[in-house]
Amino acid sequence: MPGEPWPRSARRDGDGVVHVAGVDVREVAAEHGTPAYLVDEADMRGRARAYRTAFEAAFAEIGAEVDVYYAGKAFLSTAVARWMHAEGLRIDTASGAELLTALRAGVPGADIGLHGNNKSDAEIARALDEGVGRIIVDSLAEIERVADAAGARGVTAPVMVRVTTGVHAGGHEYIATAHEDQKFGLSVTSREGADSPALAGLLAVLARPELTLQGIHSHIGSQILDASGFAAAAHRVLELRGTLAARTGVLVDEVDLGGGYGIAYLPGEVALDPERVAKEIATAVADVAANLGQPLPRFSIEPGRSIAGPPGTTLYTVGTIKPVRVDDTTTRLYVSVDGGMSDNVRPALYGAAYHAEIAGRLSTAPPALARVVGKHCESGDIVVHDVWLPADVRAGDLLLVAATGAYGRSMASNYNLVPRPPVIALAEGGTRVLVRRETEDDLLGLDVG
Ligand SMILES: Cc1ncc(COP(=O)(O)O)c(C=O)c1O
Ligand SMILES: N[C@@H](CCCC[NH3+])C(=O)O
């Protein structure tokens, strides 16, 4: 600290105490308790701005426009939706409650998109009634459902068709989304001379007067650290756009290239740089469009992790410490904290690696091999697999885990009936609760049997 993977403002003072946005983590713990998710507001807003300005500039160079949608699945609250909208981003939602959060924040429906491979009737109805800017349809059946719902309301629904391009990209298999054998989208691959499912989807949209075909959507995966996958996917999407134009004369207006921009989780890892990736993608799509003889569409992207991840940290208090002899030469310190897989499921789900440091004091003790574990009844309840902590780590120490802002709170559970931690924004030396701590009464209140 400072530097990746920590929030931009993270510093240690002369006593070794970590401050984020000028706030002493010991004060956060005293005021709000632990575990707690902390968000460096200026950092999150800055990253949103950086993505928007980098993509706008790179696409302006090739003569195209681009909209940036913040992918709310990474972490959404009304404050976050307001920050993102104030920074000139739109909001991508993937459920009725994410949509409602953006609306409650005052984001106009026109600036919101709705995703989902199995949208409920109620979700489709809300999207139509609130006039969302786009519904991203994910199957042939859904195209008919959205058209029927729009017809019943006497409105026209703006839709994008989500396609899968077969491009493999991203981290764990569970977060790659453009390969063939998975649930999302319609494949661009045509088999046995038939139209590809993606082309069939586009034709199905054109066949329904209750729908306007706004564009084609491709999201290839998440935690991608190499821009070439985006360019390869864009190539296939523009080819599909050309095929549709040749068949029907309709040239779709917009292409969404999804999210997936990778971040640093560990010291020494290098995140994708928005300016560089924006330039690489813009140059690639300009070349492809020129080769295909197509005018450029409008573009959009949907970053989530790269905006919400790095500004977020999780503050825990250390409890039980157990040295475990793992072989003749190695002892590992099992350092238990007051949270675990209920507030960050990513290590258990994807084997994701994180970095942690003692945050409330300086230690000159030699480093010891440690594994940070949670308080749940599961041996896979690991917060940080391998990390060197000072050998004098002790109960009561504050431990800060880096880069937990995306897919931490948003994927949190109540395993073992553990209440979920609050989300605290840190800005200009002060704190503000964005999402309050869940209580045992909240959980027992659901038990009406
Ligand atoms: C359709 C879609 N858009 C955007 C995202 C956001 O991805 P990321 O958080 O990796 O930027 C996802 C999640 O992977 C997604 O499924
Ligand atoms: N939840 C995943 C990424 C999002 C996948 C959504 N398509 C993660 O934590 O990495």
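It should be emphasised that the depicted structure is a prediction, and the values quoted were computed from it without experimental measurement.

A. Up close: the overall build of the chain. Counting secondary structure elements, the chain contains 12 helices and 21 strands. Overall, the C-alpha framework of the chain stretches about 70 × 50 × 45 Å when taken along its three principal axes. Contacts in the chain between residues at least 24 apart in sequence constitute 70% of all its contacts with a sequence separation of at least 6. As displayed, the chain has an accessible area near 18,100 Å², and 50% of this comes from carbon and sulfur atoms. Side-chain charges of the chain comprise 41 positive and 58 negative groups, with the mean position of each set lying 2 Å from the other.

B. Structural view of the packing of aromatic side chains. The final tally for this structure, using the stated rule, is seven aromatic pairs. A ring pair is formed by phenylalanine 55 and phenylalanine 59, whose centres lie 6.0 Å apart and whose planes are at 20°; its orientation type is stacked. One end of the pair is phenylalanine 55 and the other is phenylalanine 59, both in helix H2 (residues 41–61) and four residues apart, which spans about a single turn. By relative accessible area, which is 0% here, phenylalanine 59 ends up buried. Taking the centre distance of 5.8 Å and the plane angle of 65° together, the rings of phenylalanine 55 and tyrosine 261 count as edge-to-face. Linking phenylalanine 55 in helix H2 with tyrosine 261 in the loop between strand S12 (254–256) and helix H9 (274–292), this pair joins segments that are 206 residues apart in sequence. Summarising the burial analysis for this pair, phenylalanine 55 and tyrosine 261 share the class buried. Counting every residue linked through ring pairs, the aromatic cluster contains Tyr51, Phe55, Phe59, Phe230, Tyr261 and Phe299.

C. Just the pairing of strand S5 (residues 66–71), in detail. With six of six residues buried, S5 is to be regarded as a mostly interior element. The side-chain alternation of S5 yields two buried faces, one formed by Val66, Val68 and Tyr70 and the other by Asp67, Tyr69 and Ala71. The pairing of S5 with strand S13 (residues 298–301) spans three bridges and is parallel. By the bridge assignment, valine 68 is partnered in S13 with isoleucine 301. Summarising the sheet, S5 and strand S6 (residues 90–93) pair through three bridges and their orientation is parallel. Note on S6: the bridge partner recorded for alanine 71 is aspartate 92. Note that the unit made of S5, helix H3 (residues 78–86) and S6 has a crossover that is right-handed.

D. View of the UniProt feature "binding site: substrate" (unreviewed entry) in the chain. In the numbering used here, UniProt assigns the "binding site: substrate" (unreviewed entry) feature to Arg305, Arg346, Tyr350, Glu378 and Tyr407. Across 103 residues in sequence, these annotated residues place their C-alpha atoms as far as 26.9 Å from one another, rather than forming a single compact spot. Note on arginine 346: relative accessible area 4%, which makes it buried. Non-local contacts of arginine 346, meaning those with residues more than four positions away in its chain, are made with Tyr265, Arg305, Gly351, Ala352, Tyr354, Ala406 and Tyr407. There is a polar contact of 3.5 Å between the side chain of arginine 346 and the side chain of tyrosine 265.

E. Region of interest: the packing of helix H7 (residues 197–206) against helix H8 (residues 228–248). Where H7 contacts H8, the two axes come as close as 10 Å, and the packing angle between them is 50°. Of the possible angle classes, the one that applies to H7 and H8 is oblique. By crossing handedness, the relation of H7 to H8 is classed as right-handed. Between H7 and H8, the residues in contact are Ala198, Leu199, Leu202, Leu203 and Leu206 and Leu240, Thr243, Leu244, Arg247 and Thr248, respectively. For the contact of H7 with H8, the per-class residue count stands at seven nonpolar, two polar and one charged.

What counts as what
- Residues numbered from 1 in each chain as written.
- Chains lettered and ligands numbered in written order.
- Predicted model: local features only at pLDDT ≥ 70, side-chain atom pairs only at ≥ 80, totals over all residues.
- Heavy atoms only, no water.
- Helix = DSSP H or I, 4+ residues; strand = E, 2+ residues; numbered from the N terminus.
- Contact = heavy atoms within 4.5 Å.
- Areas by Shrake-Rupley, 256 points an atom, 1.4 Å probe, with all protein chains shown as cover.
- Lys, Arg positive; Asp, Glu negative; His and termini not counted.
- Charge placed at Lys NZ, Arg CZ, Asp CG, Glu CD.
- Phe/Tyr/Trp six-rings, centres within 6.5 Å; stacked < 30°, edge-to-face > 60°.
- Buried < 20%, exposed > 50% of the residue type's maximum accessible area, 1.4 Å probe, protein only.
- Pairing = 2+ DSSP bridges.
- Right-handed = clockwise from strand over helix to strand, strands pointing away.
- UniProt positions renumbered as here; feature names shortened; annotations may be inferred.
- Polar contact = N/O pair within 3.5 Å; in protein donor to acceptor, adjacent residues only side chain to side chain.
- Axes fitted to C-alpha atoms, helices over the stretch in contact; angles between N-to-C directions.
- Parallel < 35°, antiparallel > 145°, perpendicular 65-115°, else oblique.
- Left-handed = near helix turned anticlockwise from the far one by under 90°.
- Nonpolar A, V, L, I, M, F, W, Y, C, P; charged D, E, K, R; others polar.

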